[in-house]
Amino acid sequence: MAGQSNGNGERVFRIAAPAVVGAIVLALWEALIRHYEVPVYILPGPVAIGETFWQDGGSLFASLLVTLRTALVALAAAAIIGALLAILLAEWRWLELSVFPYAVALQVTPIVAIAPLIIILVNDTFLSLLICAWIVSFFPVLSNTTFGLKSVDPNLDDLFRLYGATRLQRLAYLRLPTALPHYLGGLRISGGLALIGAVVAEFVASTGGSETGIAWRIQEAGYRLQIPRMFAALLLLAAAGIVLFLVLTWISNRLLRHWHESALPKER
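The rules behind these values
Residues numbered from 1 in each chain as written. Predicted model: local features only at pLDDT ≥ 70, side-chain atom pairs only at ≥ 80, totals over all residues. Heavy atoms only, no water. Helix = DSSP H or I, 4+ residues; strand = E, 2+ residues; numbered from the N terminus. Buried < 20%, exposed > 50% of the residue type's maximum accessible area, 1.4 Å probe, protein only. Contact = heavy atoms within 4.5 Å. Lys, Arg positive; Asp, Glu negative; His and termini not counted. Charge placed at Lys NZ, Arg CZ, Asp CG, Glu CD. Salt bridge = Lys/Arg side-chain N within 4 Å of Asp/Glu carboxyl O. Patch = residues over 30% accessible without salt bridge, like charges linked within 9 Å, V, L, I, M, F, W, Y side chains within 5 Å. Areas by Shrake-Rupley, 256 points an atom, 1.4 Å probe, with all protein chains shown as cover. Core = buried A, V, L, I, M, F, W, Y, C linked by side-chain atoms within 4.5 Å. Polar contact = N/O pair within 3.5 Å; in protein donor to acceptor, adjacent residues only side chain to side chain. Axes fitted to C-alpha atoms, helices over the stretch in contact; angles between N-to-C directions. Parallel < 35°, antiparallel > 145°, perpendicular 65-115°, else oblique. Left-handed = near helix turned anticlockwise from the far one by under 90°. Nonpolar A, V, L, I, M, F, W, Y, C, P; charged D, E, K, R; others polar.

Draft legend 1. Spatial organisation of the overall build of the protein chain. From N to C terminus, the protein chain includes 9 helices and 0 strands. Starting at the N terminus and ending at the C terminus, the protein chain contains elements arranged as α-α-α-α-α-α-α-α-α. Its C-alpha atoms give the protein chain principal-axis dimensions of roughly 75 × 60 × 25 Å. Counting the 268 residues in the protein chain, one finds 37% classified as buried. A sequence separation of at least 24 residues applies to 72% of the contacts in the protein chain between residues at least 6 apart. For the protein chain, the centre of its 18 positive side-chain charges and the centre of its 16 negative side-chain charges are spaced 6 Å apart.

Draft legend 2. Region of the structure containing the pattern of salt bridges. Considering all chains together, one arrives at 11 salt bridges under this definition. Glu-91 is the salt-bridge partner of Arg-167, the closest N and O atoms lying 2.7 Å from each other. With Arg-167 in helix α7 (residues 167–205) and Glu-91 in helix α2 (residues 46–91), this residue pair connects regions lying 76 residues apart in the sequence. For Arg-167, a relative accessible area of 43% translates into the label partly exposed. When its relative accessible area of 13% is taken as the criterion, Glu-91 is described as buried. With its nearest N and O atoms 3.3 Å apart, the salt bridge here joins Arg-161 to Asp-157. A residue pair is termed a helical-turn pair when its members lie 3 or 4 positions apart in one helix, as Arg-161 and Asp-157 do in helix α6 (residues 154–162) at 4 residues. On the accessibility criterion, Arg-161 (47% relative accessible area) is partly exposed. Given the relative accessible area of 18%, Asp-157 is considered buried. Several salt bridges converge on common partners, so that one network encompasses Asp-56, Arg-217, Glu-220, Arg-224 and Arg-229.

Draft legend 3. Region of the structure containing a nonpolar patch on the surface. Together, Val-40, Tyr-41, Ile-42, Leu-43 and Leu-225 line one region of the surface with nonpolar side chains, adding up to about 490 Å² of accessible area. For Leu-225, the location among the structural elements is in the loop between α8 (214–223) and α9 (227–256). Judged by its relative accessible area of 56%, Leu-225 is exposed.

Draft legend 4. Region of the structure containing the nonpolar core. Ranked by size, the top nonpolar core spans 33 residues in total, and within it Leu-60, Leu-64, Tyr-183, Leu-187, Ile-214 and Leu-237 carry the most contacts. Listing elements by their share of this core, those giving two or more residues are α2, α5 (125–149), α7, α8 and α9. Element by element, the count of residues in this core is highest for α9, at 10 residues. Sequence-distant contacts of Leu-60, defined by excluding residues within four places in its chain, comprise Phe-53, Ile-214, Arg-217, Arg-229, Ala-232, Ala-233 and Leu-236. Judged by nonpolar contacts, the second largest core, of 12 residues, contains Ala-86, Leu-95, Phe-138 and Phe-139.

Draft legend 5. Summary view of the side chain of Thr-145. On the secondary structure map, Thr-145 appears in helix α5. Looking at Thr-145, the relative accessible area reads 5%, which means it is buried. Sequence-distant contacts of Thr-145, that is, excluding residues within four places in its chain, are made with Ala-83, Ala-86, Ala-179 and Tyr-183.

Draft legend 6. Region of the structure containing the side chain of Ser-252. Secondary-structure assignment places Ser-252 in helix α9. Of the residues examined, Ser-252 reaches a relative accessible area of 3% and is grouped as buried. Among the polar contacts listed, one links the side chain of Ser-252 to the side chain of Arg-188, at a separation of 2.9 Å. Excluding its chain neighbours within four sequence positions, the residues that come into contact with Ser-252 are Leu-184 and Arg-188.

Draft legend 7. Up close: unusual backbone geometry. The residue Glu-37 is not glycine, and still its phi comes out positive at about 50°. On the accessibility criterion, Glu-37 (66% relative accessible area) is exposed. A positive phi angle, near 55°, is found at Leu-225, a position not held by glycine.

Draft legend 8. Local environment of the packing of α8 against α9. Here α8 crosses α9 at 160°, and the two axes come no closer than 8 Å. Put simply, α8 runs roughly antiparallel to α9. You can see that α8 and α9 cross each other, and the crossing is left-handed. Only Arg-229, Met-230, Ala-233, Leu-234 and Leu-237 of α9 make contact with α8, whose side of the interface consists of Ile-214, Arg-217, Ile-218, Glu-220, Ala-221 and Gly-222. Here the residues of the contact of α8 with α9 sort into 7 nonpolar, 1 polar and 3 charged.

These values are about where atoms sit, not about what they do.
As structure tokens, then:
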């Protein structure tokens, strides 16, 4: 009972602590804006942003869904392709030496520099945005999963060999379970990066019309000096990123909670 009470108290604190800090920051922000009479077109207060969100939240949320669709499809592609390629790289050393440097080069190249080229070469707006978001989110899954597959305990590997386990059996029953925490950690990183990649690609493409993403709403608000609307879109985007991270963390904990030390409850 004491342990359960401590766990419930910790959960409440995890929610209450950031909520209190956020409330204090918002209150100070609004007080300073009102005290110094800062114009709304320079820096709006939380009240002005809230009013804008109340009036225009529907259209902003619809645009966010467009961006999220690109980010989620890119994340799914990164999760699948990254995991499969990581298995191949971990199984064949020569392939890792041949391919991995190009994956690194792709990762360190700023997406804002290559996004215009991708948009020109790919004659499809959604596909070009998807490729840009995938490029940004692909490497953490590949790198983490490859590292996890190569982090197998040599003693366990020798034991599997001693009992005559095939290469496929060692992969399925030893290497993949060992790599799973690393894979899920890379996936949590890639979730935020996929959202960033989708937004950057939308900024470069400047797509409007019925398939307007949240990035275009931010640009449009900036052009019209609708700064409260810009802040409302930014806060909505940040909230979406937080929710995405929490969902991926929840999935990770569900998959690891019964056997991996990173997800087991800590003894106080």
